[in-house]
Amino acid sequence: VQSRVPLVLVYSRSGPYAALARAALDGALAALAEVNNAGFDFRLSPEICDPAGATDRYEIMLDAALRRSGARQVVGGITSWSRKEMLPVIERHRALLWYGCPYEGFEAHDRVVYLGASPNQHIVPLLAHVLSRYGGRAYLVGSNYIWAWETNRIARELIADHGGQVVGERYVPLGSTDIAHIIDEIRRHKPDFVLNNLIGPSSYAFLAASRELANTDPDFAPARRPVISCNLTECELNEIGEAGIGHLSISAYFDSLPTDENQVFLARMQASGVRRPVSAFFVGAYISVRILAEAIRETGTDDPEVILPIVTSRRHQTPLGDLHIDPATNHAALTPHLGRLAAEGRFEIIESAAAPIVADPYLSHRIPTSNRPASHHRAVCALRIVQ
Amino acid sequence: MTSRFRTPNFRGTTALVLHREGAATDAVLRQLERLGVIATQIWPTIPQDHAAVDFVFFDADRGYDEQFPWGGDAAPMPLIAMLGTEAPGRIEWMLSRGADAQLLKPVGSAGVFAALVVAGHAFQRRQELAREIDDMRSRLARRPHVAFAILHLMEREGLDRHAALRRLRQLAMSGQRTIEDAADALLTATGGQDVVARAG
């Protein structure tokens, strides 16, 4: 007789970041289906919470779901605000949260497994690439919440450290599509690149307007002045359409990764009816459920006190390749890939780090570039071309 | 050229955790390790000859004055109080030791990074203010010297009091020093001490 292991999934299928959450939920459910058909001696029994993008619902809904189901494992959250809302509930129930999205770092919770990129795996290598190729005059734009504030703050310091200059920095309310004033400023300042930390509809509107600007003035073509991003993935390309083509994004996963692990994974997904392309959000949630299930299989329990030491001491075979979770921070070592958005929703991978980069959530290993002149070049060289 | 990367970074700094072994100490040590801080637990006292450290965490619940090799609030580094009880007497004692930041017990997965940033900032601000106050006190104590210097200029050069003050200010400005330093220099250089002596 198979035992049932309850698992709570927390994703907002509506609201400003619904596209990311739907992708993540699809990834979690795809993994769940695989696990439940794998002939293990247990079945994962999901309970789905949908706070609909309302930050203050996360705590209440998760608390109720954990009480109802008796679950001790939770996969979910897209924004940092939602994660911070869930942490007290996770602590109270002595549960474990699996968080699979890129985020701004400066956290290492004992009851969270972080499988998405932190700043030394996204903004740091992204700027290392862009500053040396496009120039140091940057324009920063973001949605008015912690992801953008913090990612832009780190960017400001990296740009200043490089000798560059931030020519403008603007924030728009979550969900707002009123960005004409930002495009005006960009037209006036002609930055070498724009760092886009907008999310959802704001980002789609911004990319559409940037495309229009490039169409009227070739000086703003993406090849010359790209829009760069740390969280633009395939799961939003339906909303973005052609407008994003030519712009740059950095991610631990792209559907177009040519590795064997990814090809096998994609074939499996395609066979089970998953729509391509899949994205880092899909894969982040997928590997969360898979790694958890393997640990339950190995230990015969879903007790976080047993599961956590196991998952941080094993190497996991994932679509991202061989993956290790650092027991000191509970963060995954990840390989950043730099993608240029091409036609038909594909990211053309133009550079990849030579090896997985250990997460440094507090950026405490960063060596200031101007104090150690060679280190910047080392960071650039660490990204080698795979295609 | 110094780095313009300003994100607080504590890697390679040192800390003492003056607290009994247990969950709170473990949690603090674990967070410090993540930040790259080289930390040591110690109890019950910090020996007089202990090597200098960059930060000290101390138990505000069960701590007492004799644990510290320095008196009162004269700690030569930022202090972070680990506070479980909110009994006013303990808070008062914590303040008397000059805590720059506090960390509430039970300690979980977070709080140490913010406490280090806040304590470092408060300590630096405190040091700057102390220097500023010392400077002000010294200048205040030498105010009579300014008056003597003006008297001296009036007597020696036949200036009225306004012109004498203007001259003294010019001397201070051209020498890029305070008016008190300029007054002292003038009195020393021109044998104006007799004015001081007569006034005294």
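Predicted model, so just to flag it, every value in this text is computed and none were measured.

Here the focus is the overall build of chain B. Helix and strand counts for chain B come out as 7 helices and 5 strands. Counted from the first residue to the last, chain B has its helices and strands arranged as β-α-β-β-β-α-β-α-α-α-α-α. Its C-alpha atoms give chain B a radius of gyration of 25 Å, clearly above 16 Å, the size a compact globule of 200 residues would have. Its C-alpha atoms give chain B principal-axis dimensions of about 75 × 45 × 30 Å. Counting the 200 residues in chain B, one finds 38% classified as buried. Accessible area of chain B: about 11100 Å², with a carbon and sulfur share of 55%. Side-chain charges of chain B comprise 24 positive and 24 negative groups, with the mean position of each set lying 7 Å from the other.

Here the focus is the packing of helix α9 (residues 260–271) of chain A against helix α10 (residues 280–299) of chain A. Residue and element names in this part refer to chain A. At a minimum axis distance of 14 Å, the contact between α9 and α10 shows a crossing angle of 90 degrees. When the axis of α9 is compared with that of α10, the two are roughly perpendicular. Note on element contacts: α10 touches α9 through F282, V283, Y286 and R290, opposite F265, R268 and M269. Residue composition of the contact of α9 with α10, by class: 5 nonpolar, no polar and 2 charged.

All names here are of chain B. Scanning the model with the defined rule gives 18 aromatic pairs over all chains in all. When the centroid spacing of 5.7 Å and the interplanar angle of 80 degrees are considered together, the rings of F10 and F55 count as edge-to-face. Of this pair, F10 sits in the segment before β1 (14–18) while F55 sits in strand β3 (residues 55–59); the two residues are 45 residues apart in sequence, bridging distant segments of the chain. The pair F10 / F55 is uniform in exposure class, with both members buried. Ring geometry for F58 and F68: centres 5.6 Å apart, planes at 85 degrees, overall edge-to-face. A residue pair is termed long-range when its members are at least 10 positions apart, and F58 in strand β3 and F68 in the loop between β3 and β4 (79–83) qualify at 10 residues. Among the residues examined, F58 registers a relative accessible area of 0% and is labelled buried.

Below, the discussion takes up the interface of chain A and chain B. Across the contact, 22 residues belong to chain A and 14 residues belong to chain B. Taken over both partners, the interface formed by chain A and chain B buries close to 1800 Å², and the fraction arising from carbon and sulfur atoms is 49%. The largest contributions to the chain A side of the interface with chain B come from E157(A), Y362(A) and S364(A), which together make up 31% of the buried area. At the boundary of chain A with chain B, the tally comes to 2 salt bridges. Across the pair R34(B) and D110(A) runs a salt bridge, and its minimum N-O distance is 2.7 Å. Applying the counting criterion to the chain A and chain B interface returns 11 residue pairs in polar contact (both at pLDDT 80 or more).

All names here are of chain B. Within β4, 5 of the 5 residues are buried, which leaves the element mostly enclosed by the surrounding structure. As paired strands, β4 and strand β5 (residues 101–104) are joined by 4 bridges and run parallel to one another. Within β5, the residue paired with M82 across the bridge is L103. Chirality of the crossover, the property in question, places the unit of β4, helix α2 (residues 88–96) and β5 among those that are right-handed.

Residue and element names in this part refer to chain A. This structure, assessed with the given rule, holds 4 cavities of 30 Å³ or more. Looking at the largest cavity, its volume works out to about 160 Å³. Residue lining of the largest cavity: 20 residues in total, with P102, A117, S251, A252 and A280 positioned closest to the centre. If you list the elements that add at least two residues to the lining of the largest cavity, you get β10 (248–251) and α10. Among the elements that take part in the lining of the largest cavity, α10 stands out by supplying 4 residues, more than any other.

Moving on: the pairing of strand β2 (residues 38–42) of chain B. Residue and element names in this part refer to chain B. Bridging between β1 and β2 involves 5 bridges; their strand directions are parallel. Paired with V17 across the bridge in β2 is Q41. At this point the chain moves from β1, through helix α1 (residues 23–34), to the parallel β2, and the crossover so formed is right-handed.

Residues and elements named next belong to chain A. Across its 12 residues, α9 extends 17 Å between first and last C-alpha, which sits within 8% of the 16 Å expected from 1.5 Å per residue. Where α9 is buried, its residues contact α1 (18–36) and α10. Immediately downstream of α9, the backbone of G273 shows phi near 90 degrees, a positive value.

Below, the discussion takes up the confidence of the model for chain B. When pLDDT is averaged along chain B, the result is 92; 94% of the residues meet or exceed 70. As scored by the predictor, the complex reaches a pTM of 0.87 and an ipTM of 0.82.

Residues and elements named next belong to chain A. Under the counting rule described, the total for this entry stands at 0 disulfides over all chains. For C49, which is in no disulfide, the shortest distance to another cysteine sulfur is to C101 and amounts to 16 Å. With no disulfide partner, C235 has as its closest neighbouring cysteine sulfur the one in C101, 9.4 Å distant. Given the relative accessible area of 16%, C235 is considered buried.

Residue and element names in this part refer to chain A. Tracing the sequence through the fold places V283 in helix α10. Measuring from C-alpha to C-alpha, the distance between V283 and P319 comes to 7.6 Å, with 36 residues separating the pair along the chain. When near neighbours in sequence (up to four residues on either side) are disregarded, V283 contacts Y253, F265, V278, P319 and L320.

Tallied over the entire structure, the rule returns 40 salt bridges over all chains. The salt bridge partner of R133(A) is E351(A), with a shortest N-O separation of 3.1 Å. Placement of the pair is R133(A) in helix α4 (residues 123–134) and E351(A) in strand β15 (residues 347–353), with a sequence separation of 218 residues. Looking at R133(A), the relative accessible area reads 42%, which means it is partly exposed. Take E351(A): its relative accessible area is 5%, and that puts it in the buried class. When the shortest N-O distance is used, the salt bridge between E128(B) and R125(B) registers 3.8 Å. Of the two residues, E128(B) and R125(B) both sit in helix α3 (residues 112–141), 3 residues apart, roughly one turn of that helix.

The rules behind each value
- Residues numbered from 1 in each chain as written.
- Chains lettered and ligands numbered in written order.
- Predicted model: local features only at pLDDT ≥ 70, side-chain atom pairs only at ≥ 80, totals over all residues.
- Heavy atoms only, no water.
- Helix = DSSP H or I, 4+ residues; strand = E, 2+ residues; numbered from the N terminus.
- Rg over C-alpha atoms; globule rule 2.2 N^0.38 Å.
- Buried < 20%, exposed > 50% of the residue type's maximum accessible area, 1.4 Å probe, protein only.
- Areas by Shrake-Rupley, 256 points an atom, 1.4 Å probe, with all protein chains shown as cover.
- Lys, Arg positive; Asp, Glu negative; His and termini not counted.
- Charge placed at Lys NZ, Arg CZ, Asp CG, Glu CD.
- Axes fitted to C-alpha atoms, helices over the stretch in contact; angles between N-to-C directions.
- Parallel < 35°, antiparallel > 145°, perpendicular 65-115°, else oblique.
- Contact = heavy atoms within 4.5 Å.
- Nonpolar A, V, L, I, M, F, W, Y, C, P; charged D, E, K, R; others polar.
- Phe/Tyr/Trp six-rings, centres within 6.5 Å; stacked < 30°, edge-to-face > 60°.
- Buried area = accessible area lost by both parts, 1.4 Å probe.
- Salt bridge = Lys/Arg side-chain N within 4 Å of Asp/Glu carboxyl O.
- Polar contact = N/O pair within 3.5 Å; in protein donor to acceptor, adjacent residues only side chain to side chain.
- Pairing = 2+ DSSP bridges.
- Right-handed = clockwise from strand over helix to strand, strands pointing away.
- 1 Å grid on protein atoms, 1.4 Å probe; cavity = no way out; pocket = protein on both sides within 12 Å on 5 of 7 lines; lining within 4 Å.
- Points joined across faces, edges and corners; volume = space filled by probe spheres on them.
- Expected span 1.5 Å × (residues − 1).
- pLDDT = per-residue confidence, 0-100.
- Disulfide = S-S within 2.5 Å.

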